[in-house]
Amino acid sequence: MKSMSPKVSVIIPVYNTAPYLYESIGSIMNQSLKEIEIIVVNDGSTDNSAEIIQELAAKDNRIQVFEQENQGQSVARNVGLKYASGEYIYFVDSDDLLTLDALEILYNRCLSKQSDVLFFDGDILCEDGQQPLCWDYHRTERYDETIVYQGASLVDDMLDSYTFRAAPWLYMVSRDFLNQQRLLFYPGIIHEDELFTMLLFIQSHRISCLKKSLVQHRVRANSTMTKKYS
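For the structure given in this document, a descriptive report is provided here. Keep in mind it's a predicted model, so treat the numbers as computed, not measured. (Residues numbered from 1 in each chain as written. Predicted model: local features only at pLDDT ≥ 70, side-chain atom pairs only at ≥ 80, totals over all residues. Heavy atoms only, no water.)

So, the pattern of salt bridges
Thinking step 1. Scanning the model with the defined rule gives eight salt bridges in all.
Thinking step 2. Lys7 is the salt-bridge partner of Glu35, the closest N and O atoms lying 3.8 Å from each other. With Glu35 in the loop between helix H1 (18–29) and strand E2 (36–43) and Lys7 in the segment before strand E1 (8–14), this pair connects stretches of sequence that are 28 residues apart.
Thinking step 3. As a salt-bridge pair, Asp157 and Arg142 come within 2.7 Å of each other at their nearest N and O atoms. Here Arg142 lies in the loop between strand E6 (117–126) and helix H5 (151–160) and Asp157 lies in helix H5, a separation of 15 residues in the sequence.
Thinking step 4. Given the relative accessible area of 47%, Arg142 is considered partly exposed. (Salt bridge = Lys/Arg side-chain N within 4 Å of Asp/Glu carboxyl O. Helix = DSSP H or I, 4+ residues; strand = E, 2+ residues; numbered from the N terminus. Buried < 20%, exposed > 50% of the residue type's maximum accessible area, 1.4 Å probe, protein only.)

This is the structure:
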């Protein structure tokens, strides 16, 4: 039975990622934390993503599906935020994988630290033939799990030490905090998470760290990360 007040809302924008959806959304459906809602926003996919999403939703009543014409990740994530009701928000890409205890670990740490934002590490999952990235998503070793950080000074340190990472799937965020700040993704730009995450940090006074790697981020040809732009 669907919880009336989920602990975590997981927001997943989807655009033409059919080959990965069973595994990716499955890693959310099978989380040890059961009191979640899974908000899937199909951003005008032209492959069979829509059919797979509906198939998965039929198996799990925690999944809510929203369809829209292709408007980009910013709009898709904002739609998810509009309908989210969880205490905390987690954004995940539709080809990434979560460890099966990730949401439980993150949620419990957020509660214990009363965090606006919790940051943690991730691993890179490269498809065959794809060149590895020139950076990684391990940066928590520099920071202290016992400290609650003030956002502006923390982002200063991260920029100085080249450890700032904008990817929203490296953070769990309080929904009340997002609503208080009226923080949304800016539509129509590439790498929209650079702006969102910077604003998230500089407006928060309660950011905490978890020294665990809980997500695998897939690097594949023709993703936003690897496309070439003029």
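What to know about the nonpolar core
Thinking step 1. Ranked by size, the top nonpolar core spans 68 residues in total, and within it Val8, Ile12, Tyr90 and Leu103 carry the most contacts.
Thinking step 2. The contact partners of Val8, leaving out residues within four places of it in the chain, are Leu33, Glu35, Ile36, Glu37, Gly86, Tyr88, Tyr90, Leu103, Tyr107 and Met172. (Core = buried A, V, L, I, M, F, W, Y, C linked by side-chain atoms within 4.5 Å. Contact = heavy atoms within 4.5 Å.)

Topic: the packing of H1 against helix H2 (residues 49–59)
Thinking step 1. Two elements in contact, H1 and H2, have axes whose closest approach is 9 Å; the angle formed by their N-to-C orientations is 25°. Considering their axes alone, H1 and H2 lie roughly parallel with respect to each other. Crossing hand, H1 versus H2: right-handed. Of the residues in H2, those touching H1 at Ala18, Leu21, Tyr22, Ile25 and Met29 are Ser49, Ile52, Ile53, Glu55 and Leu56.
Thinking step 2. A class-by-class count of the residues in the contact of H1 with H2 yields eight nonpolar, one polar and one charged. (Axes fitted to C-alpha atoms, helices over the stretch in contact; angles between N-to-C directions. Parallel < 35°, antiparallel > 145°, perpendicular 65-115°, else oblique. Left-handed = near helix turned anticlockwise from the far one by under 90°. Nonpolar A, V, L, I, M, F, W, Y, C, P; charged D, E, K, R; others polar.)

Some words on the side chain of Asp121
Thinking step 1. Mapped onto the elements of the fold, Asp121 is located in strand E6.
Thinking step 2. Assessed through its relative accessible area of 5%, Asp121 is described here as buried.
Thinking step 3. Looking at Asp121, its side chain comes within polar contact range of the main-chain nitrogen of Arg139, at 3.0 Å.
Thinking step 4. Here Thr140 takes part through its side chain, which lies 2.7 Å from a polar atom of the side chain of Asp121.
Thinking step 5. Among residues more than four places away in sequence, those in contact with Asp121 are Tyr137, His138, Arg139, Thr140, Leu170, Leu210, Lys212, Ser213, Leu214 and Val215. (Polar contact = N/O pair within 3.5 Å; in protein donor to acceptor, adjacent residues only side chain to side chain.)

A few points about the sheet that holds strand E5 (residues 97–98)
Thinking step 1. Taken in spatial order, the eight strands line up as E3-E2-E1-E4-E7-E6-E8-E5 in an open sheet, and their pairing is mixed. The two strands at the open ends of the sheet, each matched to only one other strand, are strand E3 (63–68) and E5.
Thinking step 2. Seen against the sheet, helix H4 (residues 102–113) touches E1, E2, strand E4 (88–91), E5, E6, strand E7 (171–174) and strand E8 (207–219) and runs at an angle of roughly 160° to E8. (Pairing = 2+ DSSP bridges.)

Observations concerning the packing of aromatic side chains
Thinking step 1. In this structure the tally under the stated criterion is eleven aromatic pairs.
Thinking step 2. Taking the centre distance of 4.8 Å and the plane angle of 70° together, the rings of Tyr137 and Trp169 count as edge-to-face. Pair noted here: Tyr137 is in the loop between E6 and H5 and Trp169 is in the loop between H5 and E7, with a separation of 32 residues, a long-range link. Judged on exposure class, the residue Tyr137 and its partner Trp169 are both buried.
Thinking step 3. Through successive ring pairs, a cluster of aromatic residues spans Phe91, Phe185 and Phe196. (Phe/Tyr/Trp six-rings, centres within 6.5 Å; stacked < 30°, edge-to-face > 60°.)

Observations regarding a nonpolar patch on the surface
Thinking step 1. A cluster of nonpolar side chains, contributed by Tyr186, Ile189 and Leu195, occupies part of the molecular surface with about 280 Å² of accessible area.
Thinking step 2. Structurally, Leu195 can be placed in helix H7 (residues 193–202).
Thinking step 3. Residue Leu195 is classed as partly exposed on the basis of its relative accessible area, which comes to 38%. (Patch = residues over 30% accessible without salt bridge, like charges linked within 9 Å, V, L, I, M, F, W, Y side chains within 5 Å. Areas by Shrake-Rupley, 256 points an atom, 1.4 Å probe, with all protein chains shown as cover.)

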